[in-house]
Protein chains: 2
Amino acid sequence: MKVVKFGGSSLASGVQFNKVANIILSDSERKIVVVSAPGKRYSDDIKTTDLLITLAQAIIEDGDGKKALEAVLQRFADIVSDLTLDNTLLTNIDQELGKLMSQYKNDAPRLMDALMASGENQNAKLMAAYLSKRGKEATYVSPEEAGLLVTDDPGNARILPEAYEKLRKLKQKSGILVIPGFFGVSKQGHIVTFPRGGSDITGSIVAAGAEAEVYENFTDVDSVYSVNPQLVNSPKEMKEITYREMRELAYSGFSVFHDEALQPVVTKKIPVCVKNTNHPEAEGTRIVAERSQNGCPVVGIASDKGFLSINITKYLMNKEVGFGRHLLEILEDECISFEHTPSGIDNISIILRDHQLRNGKEERILERIRTELKVEDVQVERDLAMVMVVGEGMCRTVGIASKATEALAEAGVNIKMINQGSSEVSMMFGVDAKHADLAVQSLYYKYFTPVNHI
Amino acid sequence: MKVVKFGGSSLASGVQFNKVANIILSDSERKIVVVSAPGKRYSDDIKTTDLLITLAQAIIEDGDGKKALEAVLQRFADIVSDLTLDNTLLTNIDQELGKLMSQYKNDAPRLMDALMASGENQNAKLMAAYLSKRGKEATYVSPEEAGLLVTDDPGNARILPEAYEKLRKLKQKSGILVIPGFFGVSKQGHIVTFPRGGSDITGSIVAAGAEAEVYENFTDVDSVYSVNPQLVNSPKEMKEITYREMRELAYSGFSVFHDEALQPVVTKKIPVCVKNTNHPEAEGTRIVAERSQNGCPVVGIASDKGFLSINITKYLMNKEVGFGRHLLEILEDECISFEHTPSGIDNISIILRDHQLRNGKEERILERIRTELKVEDVQVERDLAMVMVVGEGMCRTVGIASKATEALAEAGVNIKMINQGSSEVSMMFGVDAKHADLAVQSLYYKYFTPVNHI
């Protein structure tokens, strides 16, 4: 049994619905379908979720969302019309949105959550109707019926452990089940959305709960690539990578999966297959617990910008028991999470995402470091990027670091930081943000292009 | 004005005293002389300080130190005889040791400190007498007279800030001043020794206090070498290095200076010159605040063994505010100081000196990490060595890391950890202890041997 999730661009129009239905109907193992809201049909189109956010904001700000509501309804109307579905579906959508708007009109966070979730929710109903029209038994299953019980934290739902018990029974239902992604239901009965990337989270939870053999994630690319395709021509497709590799790549700029989206399937060791709705014959990328290793252990290169470093110097720091703890305590008091802490003998740096040092936090932190830790020097260095080389087993391979540093040297990129040693699957380089793309390109060509010696 | 310090091997015999006197008398700027106790005359000789420790232990254990005392007196007698000095000097040494033995007989730590310090103390008197005999005005100045006021912590003296006021007046005294190294006097009037390497500390404090233009440190090598001479044939001599470079090298295995010995001269930016008593014409190595940079920025390669790594894995660790602080708190509770903490996204390693995890500390720490931090995995990896490449400005030089990793790859050394980014003067590689020497050799040849392209 497969759980199949389709992203927004796969469900943006009648034409896309038709492709999706073909995919579902072509494999009888595809029993549970998780859908996103209708996405963009062309590059400057607006996603339904964004139309719904505009609607919610209009209501929250001046009480009138008529124009925004029309735009939302038009998106669904286009799909209903393209697929010649029953017009009562549209009337129902209008009524349900109206109900939510009046129910939550005095509760802005709930209104936002309920309206945002409607994109997925109504799209699931359309998909169930369309599959039925194509002659297949198919039922819309609401997150409540499915058992997607979550915490009551608007915009930041977490699945509750008891949800899994109910999800396990899903596969006993007959026919194809269509479940909307992106949200669950709290014990208090409210619609609560997952953090962004939420339909992937739903798919992953449902696949884990229903104990699927595979979790298929359909999007609009043939494969996950070894490097950002905007930086390199025809980058290598990744056929098979491990969860750990995907996680490191996702962390550092690969937008395929949200950080936490994979956790449920990782725990159950359910393979994930990333495929293309517009080209379902392509093999796609399999994400698995363990992969066979042959050839170069490096599978991907990624980068992420927006880091800064707090550089601290104090003579004999390394002999001062409690120095590091006290330093991290100062950060904790300001709710700062840090990424790395490279250290010398008399110095330590704290690398963190720079958006965290706002609203006077920077001044307060530096002042406390100066006075409480009696350091000789503390400086903030901005505009750093982290470049990551990822691959299982690479840290046991002699010469991997050498290739990476050679590539960066050849590109004239100054390495400000190297972090290797804790993760077995990655090696990280801190560089100036302005050098990040060049660094990624140079590393990619070093690992993935056979060099011709003349 | 120069402060000149002579090490134990430079003062081991009459012949050595003669060389030292020649050095002092050849330069009228050499006004303040700091001396060690008589060291080894041949490879299996015993240092006077070790004879004195044996004497102290004999008294502490069974009350009779006659044989040990004779051995100590014989060392001084040999020097007095070689130099045909006045025999009353010897009688005085005998009397003073007797006085200390009776004064501190019921106070083991004080007895140990007072007797250990006698090697330097009596040697200073002999040197003053010998310089006088050579026709130069020379006076023994006790640490008390000099103003070397220290904390009253036997074996672990720290200089008190008020000492510097008095030391500043030293240069007003006429003639050459000979001060014993290794100890000071507490406000309570006790002799208190510095930690090991203590004569270097005295020299450095006196040079800083008396505001010397140079602090000359005479030992038995022509120079500080770029690498351990036991690992490489005719290693490159370092002509000029910075304090920071010296500190990084000293930390990781260079035995020239004790960790903390340089601090006083560093603060006052007084240049240090390391020279050879047996070959004073050699230029030696100058240790300065800033050096001119030309050619390869790398000045030295060092390594140190005896490290272990605690490797910890927990999913989404990097988003958990307070995780790092809690981890370091557990170490602090056991009084563990750590060296480095390389981290991935979901993992962190703590590198520390392995002697710290004794007496059940390892079990307690691992148990607390498991239960309090709810980690997925925690492992201890032993027998690690840290290999350090040192040089001012190297971290701003593109390609330095590349050369290092290339050297290690060519030698087949697997890099377990790379730490670069906080210190501007060093790059550190964690390797298996059994590969440490090979790593150092390979790095040395890569940076210091010109390659012939055929």
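The structure displayed is predicted, hence computed values, not measured ones. (Residues numbered from 1 in each chain as written. Chains lettered and ligands numbered in written order. Predicted model: local features only at pLDDT ≥ 70, side-chain atom pairs only at ≥ 80, totals over all residues. Heavy atoms only, no water.)

A. Geometry of the packing of aromatic side chains. All names here are of chain A. Tallied over the full model, the rule gives 8 aromatic pairs over all chains. On the numbers, 6.4 Å between centres and 65° between planes, the contact of F17 with Y130 is edge-to-face. Here the residue F17 occupies a position in helix α1 (residues 14–25), and Y130 occupies one in helix α5 (residues 108–133), the gap between them amounting to 113 residues. Stacked on the ring of Y140, the Lys or Arg K125 has its end atom at 5.1 Å from the ring centre. (Phe/Tyr/Trp six-rings, centres within 6.5 Å; stacked < 30°, edge-to-face > 60°. Helix = DSSP H or I, 4+ residues; strand = E, 2+ residues; numbered from the N terminus. Lys NZ or Arg CZ within 6 Å of the ring centre and 35° of its normal.)

B. Fine view of the relation of the copies chain B and chain A. Superposing chain B onto chain A requires a rotation of 179° together with a translation of 0.0 Å along the rotation axis, leaving an RMSD of 0.3 Å. On the angle and the small slide along the axis, the relation comes out as a two-fold axis. The share of interface residues of chain B whose copies in chain A are also at the interface is 100%, consistent with both copies meeting through the same surface. (Least-squares fit on C-alpha atoms with pLDDT ≥ 70 in both. Contact = heavy atoms within 4.5 Å.)

C. Geometry of the sheet that holds strand β7 (residues 191–193) of chain B. Taken together, 3 strands build an open sheet; the order of strands is β4-β6-β7 (chain B) and the sheet is mixed. Only two strands of the sheet have a single partner each, and these edge strands are β4 (149–150) and β7 of chain B. (Pairing = 2+ DSSP bridges.)

D. Looking closely at the domain arrangement of chain A. Considered domain by domain, chain A is made up of domain 1 (2–211) and domain 2 (300–448). Between domain 1 of chain A and domain 2 of chain A, the C-alpha centre-to-centre distance is 40 Å. (Domains from an automatic or database assignment.)

E. Representation of the UniProt feature "binding site: substrate" (unreviewed entry) in chain A in the model. Residues and elements named next belong to chain A. According to UniProt, the positions carrying the feature "binding site: substrate" (unreviewed entry) are T49 and E120. The annotated residues occupy 72 residues of the chain but converge on a single region, no pair of C-alpha atoms lying more than 8.4 Å apart. Take T49: it is sitting in helix α2 (residues 48–62). Judged by its relative accessible area of 11%, T49 falls in the buried class. When neighbours within four sequence positions are excluded, T49 is seen to be in contact with A37, E120 and F182. The exposure class of E120 is buried, given its relative accessible area of 5%. (UniProt positions renumbered as here; feature names shortened; annotations may be inferred. Buried < 20%, exposed > 50% of the residue type's maximum accessible area, 1.4 Å probe, protein only.)

F. Broad picture of helix α8 (residues 198–209) of chain A. Residues and elements named next belong to chain A. Here α8 spans 16 Å end to end across 12 residues, near enough to the 16 Å set by a 1.5 Å rise per residue. All of the buried residues in α8 are G198, S199, D200, I201, T202, G203, S204, I205, V206, A207, A208 and G209. Once α8 finishes, E211 follows within two positions and takes phi at roughly 55°, a positive value. (Expected span 1.5 Å × (residues − 1).)

G. View of the interface of chain B and chain A. Counting residues at the interface gives 55 residues for chain B, matched by 56 residues for chain A. A buried area of about 4,900 Å², summed over both sides, lies between chain B and chain A, and 52% of it is on carbon and sulfur atoms. Together, B:R247, B:Y315 and B:I345 form the three largest contributors to the area buried by chain B at its contact with chain A, with a combined 13%. For the pair chain B and chain A, the number of links is 4 salt bridges. Among the elements of the structure, α9 (243–251), α11 (323–333), β15 (347–353), α13 (400–410) and β17 (417–420) of chain B are those that each provide at least two residues to the side of chain B that touches chain A. Among the residues forming the side of chain B that touches chain A, the class breakdown is 20 nonpolar, 22 polar and 13 charged. (Buried area = accessible area lost by both parts, 1.4 Å probe. Salt bridge = Lys/Arg side-chain N within 4 Å of Asp/Glu carboxyl O. Nonpolar A, V, L, I, M, F, W, Y, C, P; charged D, E, K, R; others polar.)

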